[in-house]
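Descriptive analysis of the structure
The primary structure of each chain is shown beneath.
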Amino acid sequence: MQLLYCLIFFIGAYALTYFTIPKIIGLVEYKKLMDEPNKRSSHKRITPTLGGVSFFYTLIFALFFMHNWDNYDEAIYIIPGLTILFMIGLKDDLVVLSPYTKLVAQLIAVVFIISNESFTINSLNGFLGIYEIPIYIYYFVAGFMMVTIINAYNLIDGIDGLAAIVGIVILIIYTTIFYITEEYFYVLVSLTLNGSLIAFLSFNLSSSKKIFMGDTGSLIVGFIISILTLKFLALSPESYDSLPFLLENVPIIAISILIVPLFDTARVFTIRVANKRSPFSPDRNHTHHILIDYFKISHQQASFIIGGFNLVFVILFIILGSASYNFYLVLVLVSTIIILGYLFYRFDYSFSNIKRKIIFRKKMDKLKKDVKKGGGKLIHKKKNNG
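Residues numbered from 1 in each chain as written. Predicted model: local features only at pLDDT ≥ 70, side-chain atom pairs only at ≥ 80, totals over all residues. Heavy atoms only, no water.

1. Some remarks on the overall build of the chain
The condition is simple: The numbering of helices and of strands both runs from the N terminus, where a helix is a DSSP run of H or I of at least 4 residues and a strand a run of E of at least 2. Contacts were defined at the residue level, with two residues in contact if any of their heavy atoms lie within 4.5 Å.
Helix and strand counts for the chain stand at 15 helices and 4 strands. Excluding contacts between residues fewer than 6 apart, the proportion of contacts in the chain whose partners are at least 24 apart in sequence is 74%.

This is how it looks when you write it as structure tokens:
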């Protein structure tokens, strides 16, 4: 019976999103609410945005029907936060808001979640020797963690398919975890959002009916992922018995699940601060921008490469987490981050350097074309003289 409900929510969310996105595209085009490319954009033509509107009404509709599965009225606490971020994201897509305005909205949305006892983390179960934690520490850490995840996910929404693919990978993992631990409310939440993301992806990668999720979508998806992460950390010790990794390794597994958005955000923020700029200042220094600018691969290829890396990384850490103690996992994680960070530094993947190389390549291409044209004219002139 549980499997039947899973299918109903997944297929229902997919169908609702798939059949209503064309209506959103039509409305956005009619009202001319298009996303115009600028110097930081990866797209070349004006494109409909607001695809995330479909995530909002699909989730609200689903939460009404899945209310019977929540043990602590979680749905009632999720809806206000979801609505706040939807309104802020929608306004930001239409009239650009400051990062600090969005941050305040995120903090308010997060308060609704951490005030529900279902999400309270009472212990880290021996992670780095830490067991019981005071409630005020929980509020601070949980709030900081949720806001970080929301913004990290928001920042990776820079090229076609990336945010959706990474979101799909993360949600598949959480669906599996909550199904094994019999937390069916969160299984249904994960499947509902995943159904919407998969339906949205077909439009996001389309050449004729393209639409972006916008901040409306990325804030909503990031919010739901942060809720699932918090719940994963707040599971009872008995629930972890059925999972294929040691209890004390749960925080590391959570980080590995979110490795792509967290690593990219940490890296970009570090570079901006090092360059004496605001960490929220926009640029084209994200990992996905580097892949398409430097290695000249398509948006789809970059998105699938990054999404594939996310999945492989999680599987690797789940395997390691089944036998290794968290100290060794932390060592592996830190070493991996340092190596990746060094590689990006070693090849000088700064925005200015990439820009110089792109300009140089364009000049070289233009020079080659001029040489070919000049050579052709010279041959033609010789023939005429002959």
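2. Here we look at the packing of aromatic side chains
Short version of the rule: Ring pairs shown here join Phe, Tyr and Trp side chains whose ring centres sit within 6.5 Å, with only the six-membered ring taken for Trp; geometry is labelled stacked below 30 degrees between planes, edge-to-face above 60, and tilted in between. Only protein chains enter the accessibility calculation, which uses a 1.4 Å probe; a residue is then buried when its area is under 20% of its type maximum, exposed when over 50%, and partly exposed in between.
A full pass over the atoms with the stated rule returns 20 aromatic pairs. Summarising the aromatic geometry, the rings of Tyr5 and Trp69 are spaced 4.8 Å apart at their centres and angled 70 degrees between planes, so their arrangement reads as edge-to-face. In this pair, Tyr5 sits in helix 1 (residues 2-31) while Trp69 sits in the loop between helix 2 (53-65) and helix 3 (74-94), placing the two residues 64 residues apart along the sequence. Ring geometry for Phe119 versus Tyr186: centroids 6.2 Å apart, planes at 80 degrees, classification edge-to-face. Here Phe119 is found in the loop between helix 4 (99-114) and strand 3 (123-127), whereas its partner Tyr186 is found in helix 7 (residues 184-204), with 67 residues between them in sequence. Accessibility expressed as a relative area gives 0% for Phe119, which makes it buried. Aromatic ring contacts, followed pair by pair, group Phe119, Tyr174, Phe178, Phe185, Tyr186, Phe232, Tyr240 and Phe245 into a single cluster.

3. Describing the nonpolar core
Soluble, globular proteins show a tendency: their nonpolar side chains are buried together. Put simply, the rule reads: Residue types Ala, Val, Leu, Ile, Met, Phe, Trp, Tyr and Cys, when buried and joined through side-chain atoms within 4.5 Å, form a set referred to as a nonpolar core.
Grouped together as the largest cluster of nonpolar side chains are 100 residues, with contacts concentrated most on Met146, Leu197, Phe223, Ile224, Leu230, Phe232 and Ile257. It is helix 6 (residues 162-180) that provides the largest number of residues to this core, a total of 13 residues. Setting aside anything within four residues of it in sequence, one finds Ile257 in contact with Ile170, Ile173, Tyr174, Ile177, Phe232, Asn310 and Val314.

4. Side note on the pattern of salt bridges
The cut-off we apply is this: Whenever Lys or Arg places a side-chain nitrogen within 4 Å of a carboxyl oxygen from Asp or Glu, that contact is recorded as a salt bridge.
Evaluated as defined, the whole model comprises 3 salt bridges. Across the pair Asp215 and Lys102 runs a salt bridge whose closest N-O atoms are separated by 2.9 Å. Of the two residues, Asp215 is situated in helix 8 (residues 214-234) and Lys102 in helix 4; the sequence distance between them amounts to 113 residues. Pair check on accessibility: Asp215 and Lys102 agree, each one buried. Of the charged contacts, one joins Lys210 and Asp160 as a salt bridge, the two residues approaching to 2.9 Å between their closest N and O atoms. Residue Lys210 is located in the loop between helix 7 and helix 8, and its partner Asp160 is located in the loop between helix 5 (135-155) and helix 6; the two are separated by 50 residues in the primary sequence. The class for Asp160 is buried, based on a relative accessible area of 10%. Linked through salt bridges whose partners overlap, the residues forming this network are Asp92, Lys102 and Asp215.

5. Thoughts on the packing of helix 6 against helix 7
Convention followed: Note on geometry: axes are C-alpha line fits, over the in-contact stretch for helices, and angles between N-to-C directions span 0 to 180 degrees. Oblique is the label for any angle not covered by the other classes, which are roughly parallel (under 35 degrees), roughly antiparallel (over 145) and roughly perpendicular (65 to 115). By definition, turning the near helix anticlockwise from the far helix through less than a right angle yields a left-handed crossing, and turning it clockwise yields a right-handed one. Each residue is assigned to one class: nonpolar for Ala, Val, Leu, Ile, Met, Phe, Trp, Tyr, Cys and Pro, charged for Asp, Glu, Lys and Arg, and polar for all the others, Gly among them.
Contact pair helix 6 / helix 7: the axes reach a minimum separation of 9 Å and the direction vectors enclose 155 degrees. In terms of orientation, helix 6 and helix 7 fall into the roughly antiparallel class. Both helix 6 and helix 7 take part in a crossing whose hand is left-handed. Residue-level inspection shows Ala164, Ile165, Gly167, Ile168, Leu171, Ile172, Tyr174, Thr175, Phe178 and Tyr179 of helix 6 in contact with helix 7, the latter providing Tyr184, Tyr186, Val187, Ser190, Leu191, Leu193, Asn194, Leu197, Ile198, Phe200 and Leu201. For the contact of helix 6 with helix 7, the per-class residue count stands at 17 nonpolar, 4 polar and no charged.

6. Some points on the side chain of Asn125
Within the fold, Asn125 resides in strand 3. Judged by its relative accessible area of 16%, Asn125 is buried. Sequence-distant contacts of Asn125, defined by excluding residues within four places in its chain, comprise Ile130, Tyr131, Pro237, Tyr240, Leu247 and Glu248.

7. Some points on the environment of Asn151
Note that Asn151 resides in helix 5. Judged by its relative accessible area of 17%, Asn151 is buried. As a C-alpha pair, Asn151 and Gly222 span 71 residues in sequence and 7.3 Å in three-dimensional space. For Asn151, the residues in contact, after removing those within four places along its chain, are Leu103 and Gln106.

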